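A look at the structure
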Amino acid sequence: MTVDRRERLLAALRYMVILARPRLSFYAQVPVPPSFAHTRILLGVPNVAVRSALRMALHSHGYRAIGDTGNFVALHDLLQTEPPD
């Protein structure tokens with residue numbers, strides 16, 4: 001076997017090893033315990049961006065029943081009709 005052919009085969013093997021490595025994904029879904037799915041949460045934050053970020057963070061952790069509002073009157077009404085856990 002010539003040196004050039006040997007180097008090409010080694011390079012191909014290195015490439016195959018790189019392709020065979022497991023890939024990490026930052027978008028992988030975390031398993032959610034079923035107990036969080038029915039927990040009721042109420043967010044009363046005036047800032048829309050903060051409220052949306054909190055809602056998305058809670059949703060990614062498995063909380064699905066999330067109510068939110070930006071003013072006190074709506075918060076009071078939501079507390080009267082559907083109290084959070």
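Nothing here was measured: the structure is a model prediction, and the numbers come from that model.

Rules behind the numbers
Residues numbered from 1 in each chain as written. Predicted model: local features only at pLDDT ≥ 70, side-chain atom pairs only at ≥ 80, totals over all residues. Heavy atoms only, no water. Pairing = 2+ DSSP bridges. Helix = DSSP H or I, 4+ residues; strand = E, 2+ residues; numbered from the N terminus. Right-handed = clockwise from strand over helix to strand, strands pointing away. Buried < 20%, exposed > 50% of the residue type's maximum accessible area, 1.4 Å probe, protein only. Contact = heavy atoms within 4.5 Å. Expected span 1.5 Å × (residues − 1). Polar contact = N/O pair within 3.5 Å; in protein donor to acceptor, adjacent residues only side chain to side chain. Salt bridge = Lys/Arg side-chain N within 4 Å of Asp/Glu carboxyl O. pLDDT = per-residue confidence, 0-100.

Consecutive side chains along a regular strand alternate between the two faces of the sheet. Where strand β1 (residues 40-44) meets strand β2 (residues 65-69), five bridges bridge the pair, whose relative direction is parallel. The residue of β2 that forms the bridge with L43 is D68. The parallel pair β1 and β2, bridged by helix α3 (residues 48-60), forms a crossover whose chirality is right-handed.

Another aspect to go through is the environment of L78. By the secondary structure assignment, L78 is in helix α4 (residues 72-81). A residue is classified by how much of its surface remains accessible, and L78, at 30% relative accessible area, is partly exposed. When the C-alpha atoms of L78 and G67 are compared, they prove to be 8.2 Å apart, with eleven residues separating the residues in sequence. Dropping the residues within four chain positions of it, L78 is found in contact with L42, D68, T69 and P83.

Moving on, we get to α3. Taking 1.5 Å of rise per residue, 13 residues should cover 18 Å, and α3 covers 18 Å from first to last C-alpha, within 8% of that figure. Sitting at the head of α3, N47 places a side-chain oxygen 3.0 Å from the backbone nitrogen of A49.

Attention shifts here to the pattern of salt bridges. Enumeration according to the criterion identifies two salt bridges in this entry. A salt bridge links D68 to R51; the nearest nitrogen and oxygen atoms lie 3.9 Å apart. Highlighted residues: D68 in strand β2 and R51 in helix α3, separated in sequence by 17 residues. Using a relative accessible area of 29% as the deciding quantity, one classes D68 as partly exposed. In this structure, D68 engages R55 in a salt bridge whose closest nitrogen and oxygen atoms are separated by 3.4 Å. Here R55 lies in helix α3 and D68 lies in strand β2, a separation of 13 residues in the sequence. Of the residues examined, R55 reaches a relative accessible area of 32% and is grouped as partly exposed. Connected through shared salt-bridge partners, R51, R55 and D68 make up one network.

Okay, the side chain of R51 next. On the basis of relative accessibility, which here comes to 12%, the residue R51 falls in the buried class. Side-chain polar atoms of R51 contact the backbone oxygen of V45, separated by 2.6 Å. When neighbours within four sequence positions are excluded, R51 is seen to be in contact with L43, V45, P46, D68, T69 and G70.

On average, residues of the chain score 75 in pLDDT, and 68% of them reach the 70 mark or higher. Of all secondary-structure elements in the chain, the lowest mean pLDDT belongs to helix α1 (residues 3-20), at 65, while α3 reaches the highest, 88.

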